[in-house]
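One-letter residues, chain by chain:
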Amino acid sequence: MYRSLLIAAKKQKRLIIIFLITVFLPAVSLAVFGIIALSNERYRLEKQLEEEQQQMAGYIQTQISQNIETTENQLRQLSLSEPVIHNNKIETASLLDTCLEKNPLLDQFFIVYQNDTPWFHQFRMEHENLHSAQTSKKINALETQFTRAEEYEFVQKNHQEAIEVYESAFQNTNDKNLQARILNSIGRNYLKLKNFDTAAGIYSKIINDYPQTRTRAGIPLGITAQLQLIDCYRNSETTKKALKQVLNAFQTLVQNHAELTENQLKTYAEIVSESYQDLVKELNSADKEHFANRFQNLNTEYKKVLSRWQMVNALKNKCLPEIELSLLNSESHSPEILRYTEKVNNQQFLILATAIPDSFQTKTSGVIGVKINNNYLFNRLTEDNGNENFSVSIQNVEGRQLYGRPDFTANAPVTTAFFEGNFPPWRIQVAGNQHDERLFRGIFRSFYFWTILTTILILIFGVFLIIRTLAHEMEVLKVKSEFVSSVSHEFKTPITSIKALTERLLDGKIKSPERLKEYYSVIYEDTENLSRLVSNFLDFAKMEEGKKQYDFVKTGLQQWVPQTIKKLKKDYHEERLKINLEINEELPPLSIDRNSMELALRNLIDNAIKFSENAVVDVTVKQNKRNVIIQVTDYGKGITKKEQDKIFEKFYQGTNANNYSATGSGLGLTIVKRIAEAHGGEIRVKSETGKGSTFTVVLPA
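Residues numbered from 1 in each chain as written. Predicted model: local features only at pLDDT ≥ 70, side-chain atom pairs only at ≥ 80, totals over all residues. Heavy atoms only, no water.

1. Let's talk about the overall build of the protein chain
- When you go through the protein chain residue by residue, the secondary structure sums to 22 helices and 16 strands.
- For the protein chain, the residues scored as buried account for 45% of the 701 residues in total.
- Within the protein chain, counting contacts between residues at least 6 apart in sequence, those at least 24 apart form 67% of the total.
- If you sum the accessible surface of the protein chain, you get close to 39,600 Å²; carbon and sulfur atoms cover 50% of it. (Helix = DSSP H or I, 4+ residues; strand = E, 2+ residues; numbered from the N terminus. Buried < 20%, exposed > 50% of the residue type's maximum accessible area, 1.4 Å probe, protein only. Contact = heavy atoms within 4.5 Å. Areas by Shrake-Rupley, 256 points an atom, 1.4 Å probe, with all protein chains shown as cover.)

2. Things to note about the packing of helix 9 (residues 196-209) against helix 10 (residues 221-235)
- Where helix 9 contacts helix 10, the two axes come as close as 9 Å, and the packing angle between them is 155°. Taken together, the axes of helix 9 and helix 10 lie roughly antiparallel to each other. Once helix 9 is placed against helix 10, the crossing between them reads as left-handed. Listed contacts from helix 10 to Phe 196, Ala 199, Ala 200, Tyr 203, Ser 204, Ile 206 and Ile 207 of helix 9 are Leu 221, Gly 222, Ala 225, Gln 226, Gln 228, Leu 229, Cys 232, Tyr 233 and Asn 235.
- By residue class, the composition of the contact of helix 9 with helix 10 is 11 nonpolar, five polar and no charged. (Axes fitted to C-alpha atoms, helices over the stretch in contact; angles between N-to-C directions. Parallel < 35°, antiparallel > 145°, perpendicular 65-115°, else oblique. Left-handed = near helix turned anticlockwise from the far one by under 90°. Nonpolar A, V, L, I, M, F, W, Y, C, P; charged D, E, K, R; others polar.)

3. What about helix 6 (residues 143-155)?
- The end-to-end C-alpha distance of helix 6 is 17 Å, a good match for the 18 Å that 13 residues give at a rise of 1.5 Å each.
- Lys 157 sits one or two residues past helix 6 and shows a positive phi near 60°. (Expected span 1.5 Å × (residues − 1).)

4. Overview of helix 7 (residues 159-171)
- Counted at 1.5 Å a residue, the expected span for helix 7 with its 13 residues is 18 Å, and the 18 Å between its end C-alpha atoms agrees.
- On its buried side, helix 7 packs onto helix 6 and helix 8 (176-192).

5. Describing the sheet that holds strand 2 (residues 119-120)
- With respect to topology, five strands assemble into an open sheet ordered 2-1-5-4-3, the strand pairing being antiparallel. Only two strands of the sheet have a single partner each, and these edge strands are strand 2 and strand 3 (337-344).
- Pairing analysis gives seven bridges linking strand 1 (residues 106-113) to strand 5 (residues 364-372), with the strands arranged antiparallel. Counterpart to Phe 110 in the pairing with strand 5 is Gly 369.
- Packing of helix 4 (residues 89-102) onto the sheet brings it into contact with strand 1 and strand 2, and relative to strand 1 it is tilted by some 155°. (Pairing = 2+ DSSP bridges.)

6. Focus: the confidence of the model for the protein chain
- Of all residues in the protein chain, 84% have pLDDT values of 70 or greater, and the mean over the chain is 82.
- Summarising per-element confidence for the protein chain, the mean pLDDT is lowest in helix 5 (residues 133-141) (48) and highest in strand 1 (94).
- Note that residues 131-138 has pLDDT below 50 and, in this model, nine contacts with residues that lie over four places away or in other chains. (pLDDT = per-residue confidence, 0-100.)

7. Quick look at a nonpolar patch on the surface
- On the surface, Ile 17, Leu 20 and Ile 21 cluster together to form a nonpolar patch covering roughly 260 Å² of accessible area.
- Mapping Leu 20 onto the fold places it in helix 2 (residues 13-79). (Patch = residues over 30% accessible without salt bridge, like charges linked within 9 Å, V, L, I, M, F, W, Y side chains within 5 Å. Salt bridge = Lys/Arg side-chain N within 4 Å of Asp/Glu carboxyl O.)

8. Topic: unusual backbone geometry
- A cis geometry characterises the amide bond from Phe 423 onward to Pro 424, with omega recorded as -5°.
- Residue placement: Pro 424 occurs in the loop between strand 8 (414-418) and strand 9 (426-432).
- Of note, the phi angle at Asn 87 is positive, near 55°, even though the residue is not glycine.
- Backbone geometry at Asn 115 places phi at a positive 60°, although glycine is not the residue there.
- Its location among the elements puts Asn 115 in the loop between strand 1 and strand 2.
- Owing to a relative accessible area of 83%, Asn 115 belongs among the exposed residues under this scheme.

9. Concerning the sheet that holds strand 6 (residues 390-396)
- Reading across the sheet, the four strands line up as 7-6-9-8 and stay open at both edges, with antiparallel pairing between neighbours. Lying at the two open borders of the sheet, with one neighbouring strand each, are strand 7 (401-404) and strand 8. The average undirected angle you get between the axes of adjacent strands in this sheet is 20°.
- Direction of pairing for strand 8 relative to strand 9: antiparallel, over a ladder of five bridges. Bridge assignment links Val 414 to a residue of strand 9, and that residue is Ala 431.

10. Structural notes on the packing of aromatic side chains
- By the definition in use, this model includes 10 aromatic pairs.
- Seen from their ring centres, Phe 250 and Phe 295 are 5.5 Å apart, and the 40° between their planes marks the pair as tilted. Within this pair, whereas Phe 250 is found in helix 11 (residues 239-255), its partner Phe 295 is found in helix 13 (residues 285-327), the two being separated by 45 residues in sequence.
- Exposure remark for Phe 250: the relative accessible area of 2% places this residue in the buried category.
- Judged by its relative accessible area of 8%, Phe 295 is buried.
- Considering the side-chain rings of Phe 378 and Tyr 403, the 5.5 Å spacing of their centres and the 25° angle between planes classify their relative orientation as stacked. Separated by 25 residues along the polypeptide, Phe 378 in helix 14 (residues 374-384) and Tyr 403 in strand 7 bring together distant segments of the chain. Taken individually, Phe 378 and Tyr 403 each receive the classification buried, so the pair is uniform in this respect. (Phe/Tyr/Trp six-rings, centres within 6.5 Å; stacked < 30°, edge-to-face > 60°.)

Spelled out as structure tokens, the structure:
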């Protein structure tokens, strides 16, 4: 094979040199320059993506900083407002409510004045005084009646008399707070008398008519009345009604948690929870599920309130001492904003605070501050950062993930940015999504990419043509070698026979006339074989060059075919040969080249005899629509489907040629095909392994 490749390469030496000079070397040069250009293009795209990431990090940094600066300005304005300066908590609370409504970034306000306890908006601290002086004076005016009523209730246990005194006191006052407290005492006495329906009515009246009034301890009577109603309904043995009241009381606690201290809230919530657990046992499964769902939802809200209490306590105990130390020790007032951070239970508190001036705005009288809502800040980032090309991650200085996805693509470069003054104490990381894919898309659109691709395709195509040419040349060499070998054998056999017989004749050793005739007959037959072989080669050569001349003559196949077969049988000298002829007598005359068609028929019959174990051949001539069909059928081993498309190629020798030791040039069927096509027809084969083959020559009528 290597030798054949060298020979083929030498024969195509000129073509290979032309390919190397005109295609290969220019293509390789262009490819090298293109790769360098692509490398530069990739570097440019990477720098572009890096700049986009830096812009994105800067954008996020700016967004967060602007939100913080807006909050600082708002806080500075609050510190200079009249209600804050003069410690008017009612008006201050209204101002803070407006701020919280307008700016969701504000999470929790706190205010602390010199020598005063801290005040947290929407949260009631312990020992916070909520009594009014006016209410206290009115209580003193009715002190005699209250003392007598309490004597009946708590000492003499005469609850009916106590009720009458409380009712008399109720008639003697128009103060809503006093009326609500008196009604609460009347309801308490009815409970002690086990008059639950009347007590329930009184507590319902307090809830509806006096929801904002408070006990002496500052607890809203609407809340205590809700809890008392639970006992009324439980003792009335109305379980579902009692459970509904438990849930209503729980909802009131959650919604009005700002009216209670943390301990009061926890105590009342525990009472509600215990009542629920006791009552729910008495229900069936369907009712339990209904009440359980609502209780679970309320309990979730309650836990949120507790978590906010934890935040307030953390602000009070961990953050405020340092903030007060920084702002309250200054003798002169400064409008500067203090940026303060504190890590509390794995949460990073971001706090802004500023000093509150006195009435003359010269000294510091207190501190007002606000904790920033980190979650809202991150949600704003999610809304503003609509670019799907980037992955954004925010981490604290310890590397803990606060926002976004920390898992960036391994090959993607990451841009890191920090905030000025380390507030917030975070780092922003931005990476490109589908970094490699975006690079590829950029390169894919590049002129250099298509230039290289086109060059490579041309190069591949040229190499393919060279390889195909060399492979074809090697195949031709192989076929020529096989052809020479086969033809040599075809020529050698009759020539050897003629030479041997001629030598014997020349030596005069053959005296018998019969033997002489037999020798001459064999010599003649071998000569005829050589003549036909040479004729085949010459005809094939003319066909290949397109110089074959055909002499078309109108011929009646009914006479011509039998005569031709008779002649062929005579030439074969095969006693066992049996050619069965079946011919349609109504065939139209055809214009054919008789010598060529005889050669075609001879080759078909010759193949049928070579590749059959029995010398039986069927020849059928018939008409089919517009065509005349000549079929030659043998009963040999047949031809495989894989070889049926190849047997008409020149020099092709099928596998059965070796099995039958049949010799030949491999041109017989190729010549038949060329002759059929020259007559405007075609040749077909139908074969089944082990059963024989049928060759069909189709000629137009």
